[in-house]
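Examination of the molecular architecture
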Amino acid sequence: MKPAAFEYHRARSVAGAVGLLTELGDDAKVVAGGQSLVAMMNFRLARPEHLVDITHIDGLSGIRREGDTLRIGALTTHRAVEKAELGDFGVLSRAMRWVGHLPIRTRGTVGGSIAHADATAEWCLLAVLLEARIVAEGPAGRREIPAGEFFLGPFTTALEPDELIVELVFPRPAPRAALTEYADRKGDFALVAAAVDLDADRVVLGGVGPTPVSADCPSSGTSHSRPPVSWADAVAGSLELRDEPGISAHYRRGLVRTLVERACEEASCGC
Amino acid sequence: MIQLMELTVNGERHDLAIEPRRTLVDVLRHDLGLTGTHVGCEHGICGACTVLVDGAPARACLIFAAQVEGAEIRTVESLSPEGELNDLQQCFSEHHGLQCGFCTPGMLMLAEGYLAEEPEPTTEEIREVVASNLCRCTGYQTIVEAIDDCASRRRAAFQEQLAGSRV
Ligand SMILES: Cc1cc2nc3c(=O)[nH]c(=O)nc-3n(C[C@H](O)[C@H](O)[C@H](O)COP(=O)(O)OP(=O)(O)OC[C@H]3O[C@@H](n4cnc5c(N)ncnc54)[C@H](O)[C@@H]3O)c2cc1C
Ligand code: FES
Ligand code: FES
């Protein structure tokens, strides 16, 4: 289908975009890569009267390392992260191969994924796993929102309608982390996704609740210890799952167990 | 509401007066008459609408034309400006990489963009990239073979050129 008519606004700066959002109110929506929003508009699941295009704002894309911190601009594409050499943040690059397909990754952005807040989206899982901070700018200035407090429900976040995500800040390297997932067809959103960080003793799951679900795990000890296979059973056993059309709780639990185990193995070998 | 914009497609500049809700694929087909780019699903799944935006393969149904003002757009028409098949198209033909041809423009631009960035892909990598687009006819194997063959021919031609320039 074709999208409903709207008025197009091109922002040239973050302040300009925030100004437009404040002025236009609830009828306005930000468009970045468009890989979620334009599809929804073509289906007329979304029909904003005003579209604020942020893709022409300079300085919102790029990856910067500052000591132990990694800062990723909101307009950075999935593909740019996939191709970047990120060293002990390499889990971010490796996880990108799970995001849709190449032509989606060349346009889709980090900020757009976080704002869209699909509960199985790789960026949402990674942000929660690595305790990222989401930097948002609104009429009152900038604030940082911890990823753990950002995702409130399916497609619902702590972002105000007149705020723009400008950056994601990852506070510490994760040399022993991995993300893996399962979907019936490669490139689809995952049925279940599992991300683990062995150094933080944390597992984050997608596809088992309305937002990414965190589970703390018994300490895995030093970096020389074997991957904690026991996590898989503990995490899978602790979830409350219900049968849903097309996928039983039993099957989903099995997926969780397998994927957590697989992610632990990948995390321990950094592959 | 009508908006003025300027688009660069296949190296040519076009002045347009169009509604902002026009997606890139609609502008290409309806306003510029470049019907080589196809439309299947209009929600990013099929890849029939794949074109190059600043060299990178992208879904033209998921981009508003207004967003790519200033970018270089390339469509399947750019592969054979003189009407002769280019090497990639020739490989598709030789390997039977098409049957009905509906997916072909998208597959060609996907491969063109990918090979420019990655001239030495493994077969497994080509398979992964081809999975971006849907083909209901071929079973994909012949498409993978066509792209693989084109990549090796381009590498051979490049080696020859290098050898030639050393003499
Ligand atoms: C076929 C297909 C398969 C896909 N598979 C996956 C997948 O497996 N995993 C996955 O994670 N994603 C997948 N996607 C979605 C893709 O990753 C999108 O890039 C992402 O969801 C949104 O990013 P975007 O830049 O395209 O945002 P847009 O579509 O432009 O916007 C999405 C939402 O975010 C808001 N927004 C965008 N940027 C900002 C910002 N800076 N500040 C505030 N709000 C903002 C918009 O207003 C809108 O509500 C897929 C998409 C398609 C079409
Ligand atoms: S028409 Fe664009 S992906 Fe199907
Ligand atoms: S050749 Fe018919 S869809 Fe691919």
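These numbers were taken from a predicted model, which means no experiment stands behind them.

Criteria and thresholds
- Residues numbered from 1 in each chain as written.
- Chains lettered and ligands numbered in written order.
- Predicted model: local features only at pLDDT ≥ 70, side-chain atom pairs only at ≥ 80, totals over all residues.
- Heavy atoms only, no water.
- Helix = DSSP H or I, 4+ residues; strand = E, 2+ residues; numbered from the N terminus.
- Rg over C-alpha atoms; globule rule 2.2 N^0.38 Å.
- Buried < 20%, exposed > 50% of the residue type's maximum accessible area, 1.4 Å probe, protein only.
- Contact = heavy atoms within 4.5 Å.
- Areas by Shrake-Rupley, 256 points an atom, 1.4 Å probe, with all protein chains shown as cover.
- Near = heavy atom within 4 Å.
- Polar contact = N/O pair within 3.5 Å; in protein donor to acceptor, adjacent residues only side chain to side chain.
- Nonpolar A, V, L, I, M, F, W, Y, C, P; charged D, E, K, R; others polar.
- Buried area = accessible area lost by both parts, 1.4 Å probe.
- Salt bridge = Lys/Arg side-chain N within 4 Å of Asp/Glu carboxyl O.
- Pairing = 2+ DSSP bridges.
- Axes fitted to C-alpha atoms, helices over the stretch in contact; angles between N-to-C directions.

As for the overall build of chain B
When helices and strands are tallied, chain B shows five helices and five strands. Taken from N to C terminus, the helices and strands of chain B fall in the order β-β-α-β-β-β-α-α-α-α. The C-alpha atoms of chain B give a radius of gyration of 17 Å, which matches the 15 Å a tight globule of 167 residues would have. C-alpha atoms of chain B, sized along the principal axes, occupy 60 × 40 × 25 Å. The 167 residues of chain B split such that 50% are buried. The contacts in chain B between residues at least 6 apart in sequence include a share of 54% that link residues at least 24 apart. Approximately 7,900 Å² of chain B is accessible, and the part contributed by carbon and sulfur atoms is 49%.

Let's talk about the site of ligand 1
As a matter of local geometry, ligand 1 sits amid 34 residues, with V30, S36, L37, T109 and E122 of chain A nearest to it. Of the chains in the model, those with residues near ligand 1 are chains A and B. In the environment of ligand 1, an oxygen atom lies 3.2 Å from a nitrogen or oxygen atom belonging to the side chain of K29 of chain A. At 2.8 Å from an oxygen atom of ligand 1 is found a main-chain nitrogen or oxygen belonging to G34 of chain A. Elements represented by at least two residues in the shell around ligand 1 include exactly β2 (28-31), α6 (110-116) and β10 (164-170) of chain A. Counting residues per element, the shell around ligand 1 draws most heavily on α6 of chain A, which supplies four residues. Considering only residue class, the shell around ligand 1 consists of 17 nonpolar, 14 polar and three charged.

Digging into the interface of chain B and chain A
The interface of chain B with chain A comprises 30 residues on the first partner and 34 residues on the second. Both faces combined, the contact of chain B with chain A buries some 2,600 Å², and carbon together with sulfur accounts for 55% of it. The largest contributions to the chain B side of the interface with chain A come from R21, L62 and Q67 of chain B, which together make up 25% of the buried area. For the interface between chain B and chain A, the tally reads six salt bridges. Between E117 of chain B and R79 of chain A there is a salt bridge, and its shortest N-O distance comes to 2.3 Å. Listed by contribution, the elements that provide at least two residues to the side of chain B that touches chain A are β4 (56-59), α3 (104-117) and α4 (123-130) of chain B.

Considerations on the sheet that holds β2 of chain A
Backbone hydrogen bonds are what pair the strands of a sheet, in a parallel or an antiparallel way. All names here are of chain A. Taken in spatial order, the three strands of this open sheet run β1-β3-β2, and their pairing is parallel. Looking at which strands have only one partner, the edges of the open sheet turn out to be β1 (7-10) and β2. Direction aside, the axes of adjacent strands within the sheet are offset by 25° on average. Across four bridges, β2 lies against strand β3 (residues 50-53) in parallel orientation. Within β3, the position partnered with V31 by the bridge is D53.

Some remarks on the sheet that holds strand β1 (residues 3-9) of chain B
Residues and elements named next belong to chain B. Strand order across the open sheet formed by five strands is β2-β1-β5-β3-β4, with mixed pairing between neighbours. Each edge of the open sheet carries a strand with a single partner, namely β2 (12-18) and β4. In this sheet, neighbouring strand axes are inclined to one another by 40° on average, regardless of whether the strands run parallel or antiparallel. Across two bridges, β1 lies against strand β5 (residues 72-74) in parallel orientation. Looking at the pairing, T8 lines up with E72 of β5. The strands touched by helix α1 (residues 24-31) are β1, β2, β3 (50-53) and β5; relative to β2, the strand with the most contacts, the crossing angle is about 100°. Along the sheet, α3 contacts β3, β4 and β5; its crossing angle with β3, the most-contacted strand, is approximately 30°.

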